[in-house]
Amino acid sequence: DAPEPRMDGVASLRDFADELEALYLHGMRPGATVGLPNLDTLISFETKRLCVVSGIPGSGKSEFIDQIAERLNLRHGWKFAYFTPENTPISYHAVKLIEKFTGRPFGQRTLPRDELAEAMAYLDENFFYIDPRRNAIADILACAEFLVRRRGIKALVIDPYNRIESQMGDTPETLYISSVLDSLSEFAQRLDLLVILVAHPRKMMRTPRGDFEIPTLYDISGSANFFNKADYGLIIHRDRREDTVVVSVQKVKFKHLGHPGDALFKYDIATGRYAPFTPGEPPDFDPTNHLRDGARI
């Protein structure tokens, strides 16, 4: 009749009784949406998750991630950290964010100085950068953990995977990638973060009409684990003939957070913003300054 001692690493349902009771009473709540109706019906974001994003070069992966980041920040207060060696110098990436926040092309003729100052001050408090030279996975995560504790970030963007310093050695590539993805998932869960990882696909074949095929998560170069171990999986694909962008949600691990499907967008090159698009109707690009008029966010 002696009480059974607890064993580290072993749990039973009684350890989660309060959490189960809350789920029973209130249901499985969806995650954070970004305010783009056609995308919100497919996916909602939750921290403690790994989101893998892919697409052929020039498809707009980074631009679309920036729009997701801007909207998660404004709607839900999530602060972001970026490891983005392909967006150096950092000032170039800041220009993209400023255009998305203000809805104005960057430049003294198009962006009033007071709106520039307002946007810079806001970004300084909400968006942070990890030095591209700190490109070992351990260094990236150490910097991100510092930003969690000192700045309260809720999301980390690593763009792209192939700019992380490889420490593969003699390890087979698929096993090495599996280990890196495990590290990112465990980091996201431990620190209550959404981790967004951009990974390039293998060389895609062309269709009979000369366009590139739309890749899948299984087409990401190096390992099927990019699909297997992701909580969310997105493919961004630009149709240059139709001048549209397809955001293909190919994986949502938990059904209360969404489901696979495609959302169609038009891209505004002047501001870097995407607008939901229905063929036959003009795109409704949002011209407002989101820092002053967030009604459409």
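The structure presented is a predicted model; accordingly, all values stated were derived computationally and were not measured.

S.K.: Can you lay out the overall build of the protein for me, pointing to particular residues and giving the numbers?
M.R.: Tallying secondary structure elements over the protein gives eight helices and nine strands in all. The C-alpha atoms of the protein give a radius of gyration of 20 Å, which matches the 19 Å a tight globule of 297 residues would have. Taken along its principal axes, the extent of the C-alpha atoms in the protein is 80 × 45 × 40 Å. Classification of the 297 residues of the protein by burial places 46% in the buried group. A fraction of 65% describes how many contacts in the protein between residues 6 or more apart in sequence connect residues 24 or more apart. Accessible surface computed for the protein: about 15,600 Å², of which carbon and sulfur atoms make up 52%.

S.K.: Give me the lowdown on the side chain of K266, citing residues and values where you can.
M.R.: Mapped onto the secondary structure, K266 falls in strand β8 (residues 261-268). Reaching out from K266, the side chain makes a polar contact with the backbone oxygen of D243 at a distance of 3.0 Å. Contacts of K266, omitting those with residues within four sequence positions, involve E242, D243, T244, R273, Y274, A275, F277, P283 and F285.

S.K.: Describe the pattern of salt bridges, with residues and values.
M.R.: This structure, assessed with the given rule, holds 15 salt bridges. A salt bridge links E115 to R104; its shortest N-O distance comes to 3.1 Å. One end of the pair, E115, is in helix α5 (residues 113-126); the other, R104, is in the loop between α4 (90-102) and α5, and 11 residues separate them in sequence. The exposure class assigned to E115 is buried, which follows from its relative accessible area of 6%. Of the residues examined, R104 reaches a relative accessible area of 32% and is grouped as partly exposed. Between D139 and R134 there is a salt bridge, with its nearest N and O atoms 3.9 Å apart.

Rules behind the numbers
Residue numbers restart at each chain and count upward from 1, following the sequence in its written direction. Side-chain atom pairs in this predicted model are given and counted only at pLDDT of 80 or more, local residue features only at pLDDT of at least 70, and totals for whole chains, interfaces and linings cover all residues. To get the side-chain values, take all heavy atoms of the structure and skip hydrogens and water. A run of H or I in DSSP becomes a helix once it reaches four residues, and a run of E becomes a strand once it reaches two; helices and strands are each numbered from the N terminus. Here the radius of gyration uses the C-alpha set of atoms, whereas the globule reference equals 2.2 Å times the residue count to the power 0.38. Exposure classes here rest on a 1.4 Å probe applied to the protein chains alone. A residue is buried below 20% of its type maximum, exposed above 50%, and partly exposed in between. Pairs of residues are marked as contacts when any of their non-hydrogen atoms sit within 4.5 Å. Here, Shrake-Rupley sampling with a 1.4 Å probe gives the accessible areas, and only protein chains in the shown set may cover a residue. Pairs of N or O atoms are called polar contacts if they sit within 3.5 Å, as long as, within protein, a hydrogen donor faces a hydrogen acceptor (for residues adjacent in sequence, only side-chain-to-side-chain pairs). When a carboxyl oxygen of Asp or Glu lies within 4 Å of a side-chain nitrogen of Lys or Arg, that pair is called a salt bridge.

From the geometry alone we can't say anything about function, so treat these as descriptive.
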